Amino acid sequence: MEAPLTPSSSRQPGLHWPSLWVAVLIMIGGTLYPPLMTNAAGRADHVLALSLFWAMSAGFIRGVGFVPTFWLWRGLFSGWSCTLGVLVAVYVKSTH
């Protein structure tokens, strides 16, 4: 009889607090102050909103400890992509 298969000894991902905090801050900030995602004319800034929502999504997904197995989703929803989304949002907001 063969020994049962056991999971590898690699460490399981857990909560990633920096990503989770960024996601929660974006969620609260966008809820309490919607003009955060507008341009100087008061119209919706879609690039800014897209980058913030991408950062928030990636922050929540990585923040709760989920790491996708497919390489594309793992890249789009990683802690690094959360950081990149915030940096793009800061750049877009500062250039307006």
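Residues numbered from 1 in each chain as written. Predicted model: local features only at pLDDT ≥ 70, side-chain atom pairs only at ≥ 80, totals over all residues. Heavy atoms only, no water.

(A) Quick peek at the overall build of the chain. Helix and strand counts for the chain stand at four helices and zero strands. Helices and strands appear in the chain in the N-to-C order α-α-α-α. A buried classification covers 28% of the 96 residues belonging to the chain. Taking all contacts inside the chain whose residues are at least 6 apart in sequence as the whole, residues at least 24 apart take part in 63%. Looking at the chain as shown, the accessible area adds up to about 7,100 Å², and 72% of this sits on carbon and sulfur atoms. (Helix = DSSP H or I, 4+ residues; strand = E, 2+ residues; numbered from the N terminus. Buried < 20%, exposed > 50% of the residue type's maximum accessible area, 1.4 Å probe, protein only. Contact = heavy atoms within 4.5 Å. Areas by Shrake-Rupley, 256 points an atom, 1.4 Å probe, with all protein chains shown as cover.)

(B) Broad picture of the packing of aromatic side chains. According to the stated counting rule, one finds three aromatic pairs in the structure shown. Aromatic pair Phe-70 and Trp-71: ring centres 5.7 Å apart, planes at 50 degrees, arrangement tilted. (Phe/Tyr/Trp six-rings, centres within 6.5 Å; stacked < 30°, edge-to-face > 60°.)

(C) Structural context of the environment of Ser-57. Among the structural elements, Ser-57 can be located in helix H2 (residues 46–63). Between the alpha carbons of Ser-57 and Ser-81 there is a distance of 9.8 Å; along the sequence they are 24 residues apart.

(D) View of the side chain of Ser-51. If you trace the backbone, Ser-51 turns up in helix H2. Of the polar contacts made by the side chain of Ser-51, one reaches the backbone oxygen of Leu-48; its length is 2.9 Å. When near neighbours in sequence (up to four residues on either side) are disregarded, Ser-51 contacts Gly-85, Val-88 and Ala-89. (Polar contact = N/O pair within 3.5 Å; in protein donor to acceptor, adjacent residues only side chain to side chain.)

(E) Highlighting the packing of helix H1 (residues 17–32) against H2. Closest axis-to-axis distance for the H1/H2 pair is 7 Å, and the angle between their directions is 140 degrees. As far as their axial angle goes, H2 and H1 are oblique. Our pair here, H1 against H2, has a crossing hand that is left-handed. Contacts from Ser-19, Leu-20, Ala-23, Val-24, Ile-26 and Met-27 in H1 reach Leu-52, Ala-55, Met-56, Gly-59, Phe-60, Arg-62 and Gly-63 in H2. Residue composition of the contact of H1 with H2, by class: nine nonpolar, three polar and one charged. (Axes fitted to C-alpha atoms, helices over the stretch in contact; angles between N-to-C directions. Parallel < 35°, antiparallel > 145°, perpendicular 65-115°, else oblique. Left-handed = near helix turned anticlockwise from the far one by under 90°. Nonpolar A, V, L, I, M, F, W, Y, C, P; charged D, E, K, R; others polar.)

(F) Up close: the nonpolar core. Core analysis: the biggest nonpolar cluster contains 10 residues, these being Ala-23, Ile-26, Met-37, Leu-48, Ala-49, Leu-52, Ala-55, Met-56, Ala-89 and Val-92. Contributing elements (two or more residues each) for this core: H1, H2 and helix H4 (79–94). For this core, the element with the most residues is H2, which contributes five residues. In contact with Met-56, not counting residues within four places along its chain, are Ala-23, Ile-26 and Met-27. (Core = buried A, V, L, I, M, F, W, Y, C linked by side-chain atoms within 4.5 Å.)

(G) Inspection of a nonpolar patch on the surface at higher detail. Nonpolar side chains collect at one region of the surface, where Leu-15, Trp-17, Trp-21, Val-64 and Phe-66 lie side by side and expose about 580 Å² of accessible area between them. Positionally, Val-64 belongs in the loop between H2 and helix H3 (71–76). (Patch = residues over 30% accessible without salt bridge, like charges linked within 9 Å, V, L, I, M, F, W, Y side chains within 5 Å. Salt bridge = Lys/Arg side-chain N within 4 Å of Asp/Glu carboxyl O.)

(H) Region of interest: H1. Between its terminal C-alpha atoms H1 stretches 22 Å, which fits the 22 Å expected from 16 residues at 1.5 Å a residue. Of the residues making up H1, those classed as buried are Ser-19, Leu-20, Ala-23, Ile-26 and Gly-30. End-on view of H1: buried residues confined to an arc of 130 degrees, all on one side of the axis. Counted as exposed and oriented over 90 degrees from the buried face of H1: Pro-18, Trp-21, Leu-25 and Leu-32. (Expected span 1.5 Å × (residues − 1). Arc of directions from axis to C-beta.)

Everything listed is a geometric property; what it means functionally is a separate question.
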